[in-house]
Amino acid sequence: MMVWFLAAMSCGGTDVLDALAPPKAEVRVEVDSAKVESGEPVVIEVAAWSSEGWTVQAGVPVADGLTVEMLEEGAPAVVDDRTVQVTRYALTGPDGSYVVGTTEGQAAGPSDQTRSFEVPPIFVDIGVDGPVGGAMDGFAESPPPKPTPYSLIAAAIAAGLVLIAVIWWCVRRLRMRAAEPPPATPPHIVAQGAWVDARSTITDDHALALRLSMVLREYLESITPIAATAATTMEIADGLRHHGFGGRPLGDAERVPVERILDSTDRLKFAREGGGDAFFEALDKDFETVINASRPRSSAGGSDA
């Protein structure tokens, strides 16, 4: 069986050939059978073709691990105006797959023309369904791919989804906390701040009395249902008797300081009675008493700061 055919020419002159004309020199290599039984030789046939005026020296088969032996060298014969000489070789060796090459062939022609032949390899198997063992061991079939670890992939995807959900929940919580308005300042804290601010910034007694009266009224309006900013002193006192602080009835000790502050500031506002350091220091003490009596109380029974 003919496995491959080669017509290799190089390093020569510039012959002009007729269309489809055969080359002046060539080498053809054939193998009888690329697969043989164990112990049988692989038979290689090397044919050297030459035109008139040319001589061809064909290469010899070579293969690692195989012994090469010439079987016969045929006599030259003329075919289609060219001379052909066929040499047959037997290659033997252990079972396995092999790569068979040939040494470089040479040709010489008129006017010192030369040619060289580089022959592609032949792949043969002895006693195997190859490629197995020998120089062809690297061409053996690759092992079947490992099965895809779908369970591991699914577990990794599930873990990734859980991580994404946790991150999303944390980010959402942080955004919700950032969006939450700060807790409102307790009314008694607002009132104390306004009272201190008025005492430290207002120097006119009349103006100070007006402001302190309004601070107390705004505070009472924020912790009771009494419209204290628009009510008279008597209306406020009457409302405290009914509602107290947060619905808790008031005793005289808690109600009197409120009435005293309102009455004192009214007399200073309208009758210009009172004023001076001692007057306002007394109002400070009464205001502190009102705050202590009205601010929220802790569950332990004490008052919150």
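Residues numbered from 1 in each chain as written. Predicted model: local features only at pLDDT ≥ 70, side-chain atom pairs only at ≥ 80, totals over all residues. Heavy atoms only, no water.

### What to know about the overall build of the protein chain
Across its full length, the protein chain carries six helices and 12 strands. Per-residue burial over the protein chain gives 32% buried out of 305 residues. For the protein chain, long-range pairs separated by at least 24 residues make up 63% of all intrachain contacts whose partners lie at least 6 apart in sequence. Split by element, the accessible area of the protein chain, about 18,400 Å² in all, is 57% carbon and sulfur. (Helix = DSSP H or I, 4+ residues; strand = E, 2+ residues; numbered from the N terminus. Buried < 20%, exposed > 50% of the residue type's maximum accessible area, 1.4 Å probe, protein only. Contact = heavy atoms within 4.5 Å. Areas by Shrake-Rupley, 256 points an atom, 1.4 Å probe, with all protein chains shown as cover.)

### Points about the layout of surface pockets
Space inside the largest pocket adds up to approximately 190 Å³. When contributions to the lining of the largest pocket are tallied by element, the ones reaching two or more residues are strand E3 (42–50), strand E4 (55–57), strand E6 (67–73) and strand E8 (82–92). Class assignment for the residues of the lining of the largest pocket results in eight nonpolar, four polar and one charged. (1 Å grid on protein atoms, 1.4 Å probe; cavity = no way out; pocket = protein on both sides within 12 Å on 5 of 7 lines; lining within 4 Å. Points joined across faces, edges and corners; volume = space filled by probe spheres on them. Nonpolar A, V, L, I, M, F, W, Y, C, P; charged D, E, K, R; others polar.)

### Brief notes about the sheet that holds strand E5 (residues 61–62)
Two strands in a sheet stick together by hydrogen bonds in their backbones, pointing the same way (parallel) or opposite ways (antiparallel). In space, the four strands of this open sheet follow the order E2-E12-E9-E5, with mixed pairing throughout. Lying at the two open borders of the sheet, with one neighbouring strand each, are strand E2 (35–36) and E5. Here two bridges tie E2 to strand E12 (residues 122–126), and the two strands are oriented parallel to one another. Residue pairing across strands places Val 36 opposite Ile 126, the latter belonging to E12. (Pairing = 2+ DSSP bridges.)

### Considering unusual backbone geometry
Located in the positive-phi region is Asp 81, a residue other than glycine, with phi close to 65°. A positive phi angle, close to 55°, is found at Arg 272, a residue other than glycine. On the basis of relative accessibility, which here comes to 55%, the residue Arg 272 falls in the exposed class.

### Some words on the nonpolar core
With 29 residues, the main nonpolar core has Leu 216, Phe 245, Val 258 and Phe 287 as its most contacted residues. Where this core is concerned, the elements lending two or more residues are helix H2 (187–201), helix H3 (205–223), helix H4 (233–243), helix H5 (252–271) and helix H6 (277–294). Apart from residues lying up to four places away in sequence, Phe 287 is in contact with Ala 191, Gln 192, Trp 195, Val 215, Leu 216 and Ile 261. (Core = buried A, V, L, I, M, F, W, Y, C linked by side-chain atoms within 4.5 Å.)

### Some thoughts on the confidence of the model for the protein chain
Averaged over the protein chain, the pLDDT score is 83; the fraction of residues at 70 or greater is 86%. At the level of individual helices and strands, the protein chain shows its lowest average pLDDT in strand E11 (residues 114–117), which scores 83, and its highest in H2, which scores 95. Ignoring residues within four places in sequence, the model shows residues 299–305, a span with pLDDT below 50, making 13 contacts including any to other chains. (pLDDT = per-residue confidence, 0-100.)

### Focus: H3
Taking 1.5 Å per residue, 19 residues should reach 27 Å; H3 reaches 27 Å between its end C-alpha atoms and fits that length. Those residues of H3 that sit buried are Leu 208, Ala 209, Leu 212, Ser 213, Val 215, Leu 216, Arg 217, Tyr 219 and Leu 220. Where the residues of H3 are buried, they touch H2, H4, H5 and H6. Of the residues flanking the start of H3, the one acting as N-cap is Asp 204, its side-chain oxygen 3.3 Å from the backbone nitrogen of His 206. (Expected span 1.5 Å × (residues − 1). Polar contact = N/O pair within 3.5 Å; in protein donor to acceptor, adjacent residues only side chain to side chain.)

### Concerning the packing of aromatic side chains
Under the counting rule described, the total for this entry stands at two aromatic pairs. Ring geometry for Trp 195 versus Phe 287: centroids 4.0 Å apart, planes at 10°, classification stacked. Placement of the pair is Trp 195 in helix H2 and Phe 287 in helix H6, with a sequence separation of 92 residues. The same class applies to Trp 195 and to Phe 287, which are both buried. (Phe/Tyr/Trp six-rings, centres within 6.5 Å; stacked < 30°, edge-to-face > 60°.)

### Structural notes on a nonpolar patch on the surface
Together, Tyr 150, Ile 153, Ile 157, Leu 161 and Ile 164 give the surface a local cluster of nonpolar side chains, amounting to about 560 Å² of exposed area. For Ile 157, the location among the structural elements is in helix H1 (residues 150–179). According to the relative accessible area criterion, Ile 157 is exposed, its value standing at 51%. (Patch = residues over 30% accessible without salt bridge, like charges linked within 9 Å, V, L, I, M, F, W, Y side chains within 5 Å. Salt bridge = Lys/Arg side-chain N within 4 Å of Asp/Glu carboxyl O.)

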